[in-house]
Amino acid sequence: MRPMDLKALIRDVPDFPQPGILFRDITPLLANPAGLRYTLEALTAVAKETNPDCIVGIESRGFIFGVPLADRLGLPFVPVRKPGKLPAARMSVEYSLEYGESRLDIHEDALASGDRALIVDDLLATGGTALAAAKLVELLGGVVAGCAFVIELEALAGRERLKKYTVRSLLTYA
């Protein structure tokens, strides 16, 4: 795979969603077919290294990358959703993020005991969201095969919170 400058396809949006936050916007990447294809190929290579049984995508941008990744690998896709979005019996975990508190849910029957799950999302910041998703996988008896992100914000030290897992990011910002 020929290298591509994905950072050129990420837009910086200052003071969003609140003052002092520099938001890394992936919509220009999504609008660029070559950039999106490259991103999915790179994530596919990362996923193959972890030998997962399923792809767990975190709502909502984790769905954007997780569903095509699961399709490319011929694996089930498991959604981890925000509160009130899953209709059947579910497990929940509350967690902290950069600017507040939240909760994530997963269906109780989403994984079989021992299933190896690759957790996918667009961005690793403080690691709270990914850690909550990992806890949900483990509550269901699954194993976190790894975590894969398009972007990592190194200054927020999310990788440190996920140190017991294999973490891979396509892009890093200091």
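Residues numbered from 1 in each chain as written. Predicted model: local features only at pLDDT ≥ 70, side-chain atom pairs only at ≥ 80, totals over all residues. Heavy atoms only, no water.

**Q** What is the right way to read the nonpolar core from this model?
**A** Proteins that are soluble and globular tend to have nonpolar side chains buried together. The biggest cluster of nonpolar side chains holds 27 residues, and the ones touching the most others in it are Val56, Leu104, Ile119 and Leu162. Counting residues per element, the ones that place at least two in this core are strand S3 (54–58), strand S4 (77–80), strand S5 (90–97), strand S6 (100–107), strand S7 (116–124), helix H4 (128–139) and strand S8 (143–153). Looking at this core, the element that brings in the most residues is H4, giving seven residues. In contact with Val56, not counting residues within four places along its chain, are Phe77, Val78, Val80, Ala117, Leu118, Ile119, Val120 and Val137. Core analysis: the next-biggest nonpolar cluster, separate from the first, contains 23 residues, Leu6, Tyr38, Phe65 and Ala70 among them. (Core = buried A, V, L, I, M, F, W, Y, C linked by side-chain atoms within 4.5 Å. Buried < 20%, exposed > 50% of the residue type's maximum accessible area, 1.4 Å probe, protein only. Helix = DSSP H or I, 4+ residues; strand = E, 2+ residues; numbered from the N terminus. Contact = heavy atoms within 4.5 Å.)

**Q** Could you clarify how one ought to interpret the packing of aromatic side chains in this entry?
**A** For any two aromatic rings, the description comes down to two numbers: the centre-to-centre distance and the angle of the planes. Inspection of every chain in the model, using the stated rule, returns two aromatic pairs. Seen in terms of ring centroids, Phe16 and Phe23 are 5.2 Å apart; in terms of plane orientation they differ by 85 degrees. Their pairing is edge-to-face. Ring centres of Phe63 and Phe77 lie 5.6 Å apart, and the angle between their planes is 90 degrees; this geometry places the pair in the edge-to-face category. Of this pair, Phe63 sits in helix H3 (residues 61–73) while Phe77 sits in strand S4, and the two are 14 residues apart along the sequence. (Phe/Tyr/Trp six-rings, centres within 6.5 Å; stacked < 30°, edge-to-face > 60°.)

**Q** Looking at this structure, how should I read the side chain of Asp105?
**A** Relative to the helices and strands, Asp105 is located in strand S6. Its relative accessible area of 0% is what places Asp105 among the buried residues. Of note is the side chain of Asp105, whose polar atom sits 2.6 Å from the side chain of Ser92. In contact with Asp105, other than residues within four places in its own chain, are Pro79, Val80, Arg81, Lys82, Pro83, Gly84, Leu86, Arg90, Met91, Ser92 and Leu136. (Polar contact = N/O pair within 3.5 Å; in protein donor to acceptor, adjacent residues only side chain to side chain.)

**Q** Please clarify how unusual backbone geometry should be interpreted in this entry.
**A** Outside of glycine, negative phi angles account for most residues, and trans bonds account for most peptide bonds. Note the cis peptide between Phe16 and Pro17, where omega equals 5 degrees. Its location among the elements puts Pro17 in the loop between strand S1 (11–14) and strand S2 (22–25). Here Glu59 and Ser60 are connected by a cis peptide whose omega angle stands at -5 degrees. Inspection of the secondary structure puts Ser60 in the loop between S3 and H3. Despite not being glycine, Asp15 shows a phi value in the positive range, around 60 degrees. Structurally, the position occupied by Asp15 is in the loop between S1 and S2.

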